[in-house]
Amino acid sequence: MPEIAQKKRIAIFGSTGSIGTQALDVIRTHNDMLEAEILTAQTNHELLIKQALEFTPNAVVIGDETKFELVKEALALTNIKVFAGEKALEEVADFDTYDVMLTAIVGFAGLRPTLKGVKKGKVIALANKETLVVAGDIVMQQAMQYQSPIIPVDSEHSAIFQCLVGEARNPIEKIILTASGGPFLGKKPNFLVNVKREHALQHPNWSMGAKISIDSATLMNKGLEMIEAKWLFNLTPEQIEVIVHPQSIIHSMVQFEDGSIKAQMGLPDMKLPIQYAMGFPERIKNDFPRFNFKKYPNLTFEEPDYKTFRNLDLSIQALKIGGNKPCVLNAANEIAVWAFLQNRIGFLDITAVVEKTMDKIPFIENPTLDEYFETDGEARTFAASIMKM
Ligand code: NAD
Ligand code: MG
């Protein structure tokens, strides 16, 4: 054994986002154990350049090809390889030189690079839940085939994963996914109809990217997480329960066949599941603020309001029906959330667009990867057409 352990080389796909920047915070603090090998960004070339100059990765990718020259020039005096465009994401995912791929791209765009990392047999620290929502069957099957471990970063799934360590032979009776309830907990449609972008972006417990913040406000995020959990932990829809826990201290729970329930707890801070996934199976010592039970005398739980937050119901339908339904749900939601963020549709219209698109797009029971791409395209086009875009 060498005296100094090799550093883990991390490829961060989506390094300029909320998850990506927090991952770099973790790497900066633990630069004796972790290093950034690849960084990618879609449009924010200024932050990507700044990150590249600080972390000197092997390669960077800027998605927006019009910014290639700017990035190339800024990094001209370094050895950092610079790539641009969507295809380049798959090219760098094919590199041998990294150990862990952190999938921190938002949305369907994360699917292709993730599959490439899986095929390379890399450890996947998975934040990009949409990948599993869209094509969980193919991703998990390929992860088995290529022996690519998938370690969840989503806090709920990280909690469940942590509860399952050491329990490999013990079947799960059910999981209990906790939901904060988002900024509009307790509100009714007559309030939600007037909700605006700025208000919906304010999450009480977490600071996140725009898309997932809106998903949290509509509860679509919890619906996507139910589907994500199905694939990660091989569960039936009946084994997945959602409970609203506004304090976000219990990050989720597993109930075993003897009725015993394990929970993973802590203050809400995404850096913890991020560093857990990058360090796994080691836990990395840190100085994050610790949870104090005496400061939280009341941890509360309640049933979600399925009547008001209908996205949760639509997700459960998609989860139960399977096939390309979750892919349709995801595509329509991505487009509708984008339109809401542009102030083009109202808050409640998001659900209406998703529902209509789910009714319209032809069902495929066992889609191929190409069929998932086709479904995604058709669902986006239809959703855009009903919003007259
Ligand atoms: P974000 O919007 O803050 O960042 C997204 C990143 O992806 C950016 O670096 C951006 O450049 C890149 N990107 C955007 N569109 C792209 C495209 N078309 N092609 C390539 N790259 C693209 O998002 P986020 O909040 O960091 O979330 C990232 C993923 O992690 C999402 O799937 C989200 O659901 C999941 N997640 C986030 C949190 C959180 O706290 N932010 C928690 C759990 C799960
Ligand atoms: Mg989550």
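Bear in mind that the values here come from a model prediction, so they are computed numbers and not experimental data. (Residues numbered from 1 in each chain as written. Chains lettered and ligands numbered in written order. Predicted model: local features only at pLDDT ≥ 70, side-chain atom pairs only at ≥ 80, totals over all residues. Heavy atoms only, no water.)

Visitor: Can you walk me through the overall build of the protein in this structure?
Guide: A count of helical and extended segments in the protein gives 16 helices and 11 strands. A compact globule built from 389 residues should have a C-alpha radius of gyration of about 21 Å, and the protein, at 20 Å, falls within 12% of that. Considering only C-alpha atoms, the protein reaches an extent of 55 × 50 × 40 Å along its principal axes. By the burial criterion, 54% of the 389 residues in the protein qualify as buried. Excluding contacts between residues fewer than 6 apart, the proportion of contacts in the protein whose partners are at least 24 apart in sequence is 67%. Summed over its atoms, the accessible surface of the protein is roughly 18,000 Å², and 51% of this surface lies on carbon and sulfur atoms. If the 40 positive side-chain charges of the protein are averaged to one point and the 48 negative ones to another, these points end up 3 Å apart. (Helix = DSSP H or I, 4+ residues; strand = E, 2+ residues; numbered from the N terminus. Rg over C-alpha atoms; globule rule 2.2 N^0.38 Å. Buried < 20%, exposed > 50% of the residue type's maximum accessible area, 1.4 Å probe, protein only. Contact = heavy atoms within 4.5 Å. Areas by Shrake-Rupley, 256 points an atom, 1.4 Å probe, with all protein chains shown as cover. Lys, Arg positive; Asp, Glu negative; His and termini not counted. Charge placed at Lys NZ, Arg CZ, Asp CG, Glu CD.)

Visitor: What's the story with the coordination of the magnesium ion (ligand 2) in this structure? I'm lost.
Guide: Six octahedral donors around a metal ideally subtend angles of 90 or 180 degrees, whereas four tetrahedral donors ideally subtend 109.5 degrees. Surrounding the magnesium ion (ligand 2) are the protein donor atoms Asp 154 (OD), Glu 156 (OE) and Glu 225 (OE), at 2.1 to 2.3 Å. Read N to C, the donor residues that coordinate the magnesium ion (ligand 2) are spaced as D-x1-E-x68-E. Neither Asp 154 nor Glu 156 differs from the other in exposure class; each is buried. (Donors = N, O, S within 2.8 Å, 3.2 Å for Na, K, Ca; no water.)

Visitor: Teacher, can you tell me more about the packing of aromatic side chains here?
Guide: The relative placement of two aromatic rings is captured by the distance of their centres and the angle of their planes. Following the criterion strictly, the structure yields 10 aromatic pairs and no others. Here the aromatic rings of Phe 83 and Phe 95 are separated by 6.2 Å at their centres, their planes lie at 70 degrees, and the arrangement is edge-to-face. Taken as a pair, Phe 83 in strand E4 (residues 81-84) and Phe 95 in the loop between helix H4 (86-93) and strand E5 (100-103) lie far apart in primary sequence, 12 residues in all. Residue classification places Phe 95 among the buried residues on the basis of a relative accessible area of 18%. A network of ring pairs unites the aromatic residues Phe 184, Phe 191, Phe 340 and Phe 347 as a single cluster. Positioned over the ring face of Phe 373 is Arg 112, at 3.9 Å from the centre of the ring. Here the basic side chain of Lys 187 rests over the ring of Phe 191, its NZ or CZ set 4.7 Å away from the ring centre. (Phe/Tyr/Trp six-rings, centres within 6.5 Å; stacked < 30°, edge-to-face > 60°. Lys NZ or Arg CZ within 6 Å of the ring centre and 35° of its normal.)

Visitor: Just to check I follow, could you spell out the side chain of Thr 375 for this structure?
Guide: Looking at where Thr 375 falls in the secondary structure, it is placed in helix H16 (residues 369-386). The class of Thr 375 is buried, set by a relative accessible area of 2%. In this structure, Thr 375 is in contact with Asn 324, Cys 327, Val 328, Ile 361 and Ile 364, ignoring residues within four places of it in sequence.

Visitor: What should I look at first to understand the site of ligand 1 in this one?
Guide: If you check the shell around ligand 1, you find 22 residues, and the closest are Thr 16, Ser 18, Gln 42, Glu 130 and Gly 209. One of the backbone nitrogen or oxygen atoms of Gln 42 is found 2.8 Å away from an oxygen atom of ligand 1. Considering ligand 1 on its own, with 830 Å² of exposed area, one finds that the protein chains cover 85% of that surface. Sorting the residues of the shell around ligand 1 by element identifies helix H1 (18-29) and helix H6 (129-145) as the ones contributing at least two each. (Near = heavy atom within 4 Å. Polar contact = N/O pair within 3.5 Å; in protein donor to acceptor, adjacent residues only side chain to side chain.)

Visitor: Hey, could you run me through the environment of Thr 16 in this one?
Guide: Its place among the elements puts Thr 16 in the loop between strand E1 (8-13) and H1. Among the residues examined, Thr 16 registers a relative accessible area of 21% and is labelled partly exposed. Thr 16 sits 106 residues away from Lys 122 along the chain, and the two C-alpha atoms are 22 Å apart. Look past the residues within four positions of Thr 16 in its chain and what remains in contact with it is Thr 21, Thr 40, Ala 41, Asn 44, Leu 47, Leu 48 and Gln 51.

Visitor: I tried to follow the pairing of strand E10 (residues 250-256) on my own but got confused; where do I start?
Guide: Taken residue by residue, a regular strand's side chains alternate between the two faces of the sheet. Counted residue by residue, E10 has 7 buried out of 7 residues, so it is predominantly covered. Sheet analysis places strand E8 (residues 172-179) next to E10, joined by 4 bridges and oriented antiparallel. Across the sheet, residue Ile 175 finds its bridge partner in E10, namely Val 254. Alignment of E10 against strand E11 (residues 261-265), held across 5 bridges, turns out to be antiparallel. Counted as the bridge partner of Gln 255 is Ile 261 from E11. Hairpin geometry of E10 and E11 is characterised by an intervening segment of 4 residues between the two adjacent antiparallel strands and by a positive phi of about 85 degrees at Gly 259. (Pairing = 2+ DSSP bridges.)

Visitor: What am I meant to see in the nonpolar core here?
Guide: Generally speaking, a soluble globular protein has its nonpolar side chains buried in company with each other. Ranked by internal contacts, the top residues of the largest apolar core, which has 119 residues, are Ile 27, Val 60, Leu 102, Ile 175, Phe 233 and Leu 329. For this core, the element with the highest residue contribution is helix H14 (residues 325-341), accounting for 11 residues. Ignoring anything within four residues of it in the chain, the contact list for Val 60 reads Leu 39, Leu 48, Ala 52, Val 71, Leu 75, Ile 80, Lys 81, Val 82 and Phe 83. (Core = buried A, V, L, I, M, F, W, Y, C linked by side-chain atoms within 4.5 Å.)

Visitor: Honestly, the packing of helix H11 (residues 220-233) against helix H13 (residues 310-321) in this entry has me stumped. Any pointers?
Guide: Two packed helices can be described by the angle between their axes and the distance between those axes. Contact geometry for H11 and H13: axes closest at 7 Å, N-to-C directions at 20 degrees. The angle between the axes of H11 and H13 places the two elements in the roughly parallel class. Here H11 runs over H13; the crossing is right-handed. Contacts between H11 and H13 involve Met 220, Lys 222, Gly 223, Leu 224, Met 226, Ile 227 and Lys 230 from the former and Asn 311, Leu 312, Ser 315, Ile 316, Ala 318 and Leu 319 from the latter. Each residue belonging to the contact of H11 with H13 can be placed in one class, and the counts come to 8 nonpolar, 3 polar and 2 charged. (Axes fitted to C-alpha atoms, helices over the stretch in contact; angles between N-to-C directions. Parallel < 35°, antiparallel > 145°, perpendicular 65-115°, else oblique. Left-handed = near helix turned anticlockwise from the far one by under 90°. Nonpolar A, V, L, I, M, F, W, Y, C, P; charged D, E, K, R; others polar.)

Visitor: Just to check I follow, could you spell out the pattern of salt bridges for this structure?
Guide: Once their charged atoms are close, side chains differing in charge can pair, the charge on each being opposite to the other. What the rule picks out here adds up to 20 salt bridges. Here Lys 120 and Asp 94 are joined by a salt bridge, their closest N and O atoms 3.9 Å apart. In this pair, Lys 120 is assigned in the loop between helix H5 (111-119) and strand E6 (123-126) and Asp 94 in the loop between H4 and E5, connecting sequence segments 26 residues apart. Take Lys 120: its relative accessible area is 29%, and that puts it in the partly exposed class. Residue classification places Asp 94 among the partly exposed residues on the basis of a relative accessible area of 37%. Its salt-bridge partner being Glu 355, residue Arg 310 comes within 2.5 Å of it at the nearest N-O pair. Of this pair, Arg 310 sits in helix H13 while Glu 355 sits in helix H15 (residues 349-360), and the two are 45 residues apart along the sequence. A relative accessible area of 29% means that Glu 355 is categorised as partly exposed. In this structure, a network of salt bridges that share partners links the residues Lys 129, Asp 154, Glu 156, Lys 222 and Glu 225. (Salt bridge = Lys/Arg side-chain N within 4 Å of Asp/Glu carboxyl O.)

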